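Observations on the three-dimensional arrangement
Below are the chains, spelled out letter by letter.
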Amino acid sequence: MWQQADLDDVISSAWAVGLPMRTRFRGVTLREAVLFEGPAGWGEFAPFPEYGSQEAAAWLEAGLEAAWTGLGQPLRREIPVNATMPAVGPEQVEQVLRRFGDPETIPAVKVKVAEPGVDSADESLAQDVARVREVRRLVPQAGLRVDANGGWTQPQALRALDALAEAAGERFEYAEQPVAGVEPLAQLREELDRHGVTVAGQPLRIAADEAVRKAEDPLRVARLGAADLIVVKVPPLGGVARALRIVEESGLDAVVSSALDTSVGLAAGLALATRLPELPYACGLGTAALLAEDVVDQPLIPAGGVLPVPGVGAGEGAARQVAGKIAAPSPSSARLKDHRLPAEREAWWKDRIREAHHALSSEDRWGPARI
Ligand SMILES: O=C(O)CCC(=O)C1=CC=C[C@@H](O)[C@@H]1C(=O)O
Ligand SMILES: [Mg+2]
């Protein structure tokens, strides 16, 4: 529980770093994060700069869980991970794919679509289709998914998903947050059905991301039947334990995804993935491959389509048994120093921690109805 952590201890062990991205992703070119150490290991606090203190409080809760409570016991030793394709032109697709290991071993690719700032909806869709086609050409064995981050209107989503289902073919797994909100997702599912947008004869599956992680009530999606599956991210959901409960109560399939974390934060995502009873999809936890620098000497970059769960070894005797506790890798002090943010910016981050901590302490954040 986050109450075990003393705010002064958190602040005094905290390092604020800025890690350059290889490719711009969700508008980010320098990923900023705070790392701190507690009795159970290292934790991370990296809410995007535009988030307010209520939203940031969940991220702090997750970081404190990792550092003060620990990440728990594993069920699996390694996790299949998808490649994540930013909104790049087709000429860059191959180079990005290669960062996620041998392309032949990649189990799935998530392709960003509906990138903000493109001149027209027609132009945007043409670029998305070209990106998806190129991914399919290069990794025909991989599952494909698209993520629009709620960037389409209802009619745009219908049109785009029809075209993208055609471009992606039979291995199209799902569309993530095609429109914003919960009700609009539910409506879109009905519309897609009515218009017969299918994959291998089945209705195209819809995943909810922002509709879970930014919602007051993360279970509304499930209650309204707004999605076939949910994307779960440890930091915005307030930690591994809470994310596990949300998945269980939703009764839906879940895909664990990163929040563009450093390798320290990714360990918590791997903890969630290894603790889920079912893991029907490859997880979006390969994003250290999008960072040009990391805080640990051996970043969690996928190889052979999987990531190992850090700290977990083979059990003695039974070869298939997993043993040990999940442990985030420790940052190297040289890397923390190399990437440390200027003093003024670090002070800004420490203030954010204080504000997020205040938000955590001053509110009964997750009442029984909200988990
Ligand atoms: O799911 C993945 O493959 C990688 C993670 C990812 O796409 C995201 C991480 C962080 C911020 C988000 O904009 C984005 C997402 O929307 O899922
Ligand atoms: Mg998403």
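Because the structure is a prediction, the values reported are computed rather than measured.

This paragraph deals with the UniProt feature "binding site: Mg(2+)" (unreviewed entry) in the protein. Residues annotated by UniProt as "binding site: Mg(2+)" (unreviewed entry) correspond here to Asp147, Glu176 and Asp209. For the residues just named, distributed over 63 residues, the greatest C-alpha separation is only 9.1 Å, placing them together at one site. You can see Asp147 is positioned in strand β7 (residues 143–147). Classification of Asp147 by relative accessible area gives buried; the value is 0%. Every residue in contact with Asp147, bar those within four places of it in the chain, is listed here: Lys110, Val111, Lys112, Val113, Glu176, Gln177 and Asp209. One polar contact links Asp147 to Lys112, side chain to side chain, over a distance of 3.0 Å. In this structure, Asp209 sits in the loop between β11 (206–208) and α7 (210–213). For Asp209, the residues in contact, after removing those within four places along its chain, are Asp147, Glu176, Gln177, Val231 and Lys233.

On to unusual backbone geometry, then. What is expected of a backbone is that most residues other than glycine have negative phi and most peptide bonds are trans. The backbone of Gln177 sits at a positive phi, close to 35°, despite the residue not being glycine. The backbone of Leu260 shows a phi angle near 60°, a positive value even though the residue is not glycine. For Leu260, a relative accessible area of 3% translates into the label buried.

Helix length check: helix α4 (residues 121–138) (18 residues) gives 26 Å between terminal C-alpha atoms against 26 Å at 1.5 Å per residue, within 8%. Buried within α4 we find Ser124, Leu125, Asp128, Val129, Arg131, Val132, Glu134 and Val135. Contacts made by the buried residues of α4 are with β5 (83–85), α3 (90–98), β6 (108–112), β7 and α5 (154–168).

Around ligand 1, the structure places 18 residues, and the nearest of them are Thr84, Lys110, Asn149, Lys233 and Ser257. One of the side-chain nitrogen or oxygen atoms of Asp147 is found 3.0 Å away from an oxygen atom of ligand 1. Lys233 is positioned with one of its side-chain polar atoms (N or O) 2.5 Å from an oxygen atom of ligand 1. Grouping the amino acids of the shell around ligand 1 by side-chain chemistry returns three nonpolar, seven polar and eight charged.

The next subject is the domain arrangement of the protein. What the domain assignment lists for the protein is domain 1 (2–70 + 332–370) and domain 2 (78–323). At the interface, 28 residues of domain 1 touch 33 residues of domain 2. Counting across the domain 1 and domain 2 interface gives two salt bridges. The salt bridge involving Lys214 is made with Glu55; its shortest N-O contact spans 2.7 Å. Viewed at the interface, domain 2 and domain 1 are joined by 17 residue pairs in polar contact (both at pLDDT 80 or more).

What follows concerns the sheet that holds strand β3 (residues 41–45). Pairing between sheet strands relies on hydrogen bonds along the backbone, with the strands arranged either parallel or antiparallel. Taken in spatial order, the three strands make up an open sheet running β1-β2-β3, and their pairing is antiparallel. Strands at the two margins of the open sheet, each flanked by one partner only, are β1 (15–25) and β3. Averaged over all pairs of adjacent strands, the angle between strand axes in this sheet comes to 35°, irrespective of strand direction. Sheet topology places strand β2 (residues 28–38) next to β3; five bridges connect them, and they run antiparallel. Counterpart to Val34 in the pairing with β3 is Phe45.

Of note, Arg99 is situated in the loop between α3 and β6. Side-chain polar atoms of Arg99 contact the side chain of Thr23, separated by 3.2 Å. Every residue in contact with Arg99, bar those within four places of it in the chain, is listed here: Arg22, Thr23, Ala289 and Ile301.

What counts as what
- Residues numbered from 1 in each chain as written.
- Chains lettered and ligands numbered in written order.
- Predicted model: local features only at pLDDT ≥ 70, side-chain atom pairs only at ≥ 80, totals over all residues.
- Heavy atoms only, no water.
- UniProt positions renumbered as here; feature names shortened; annotations may be inferred.
- Helix = DSSP H or I, 4+ residues; strand = E, 2+ residues; numbered from the N terminus.
- Buried < 20%, exposed > 50% of the residue type's maximum accessible area, 1.4 Å probe, protein only.
- Contact = heavy atoms within 4.5 Å.
- Polar contact = N/O pair within 3.5 Å; in protein donor to acceptor, adjacent residues only side chain to side chain.
- Expected span 1.5 Å × (residues − 1).
- Near = heavy atom within 4 Å.
- Nonpolar A, V, L, I, M, F, W, Y, C, P; charged D, E, K, R; others polar.
- Domains from an automatic or database assignment.
- Salt bridge = Lys/Arg side-chain N within 4 Å of Asp/Glu carboxyl O.
- Pairing = 2+ DSSP bridges.
- Axes fitted to C-alpha atoms, helices over the stretch in contact; angles between N-to-C directions.

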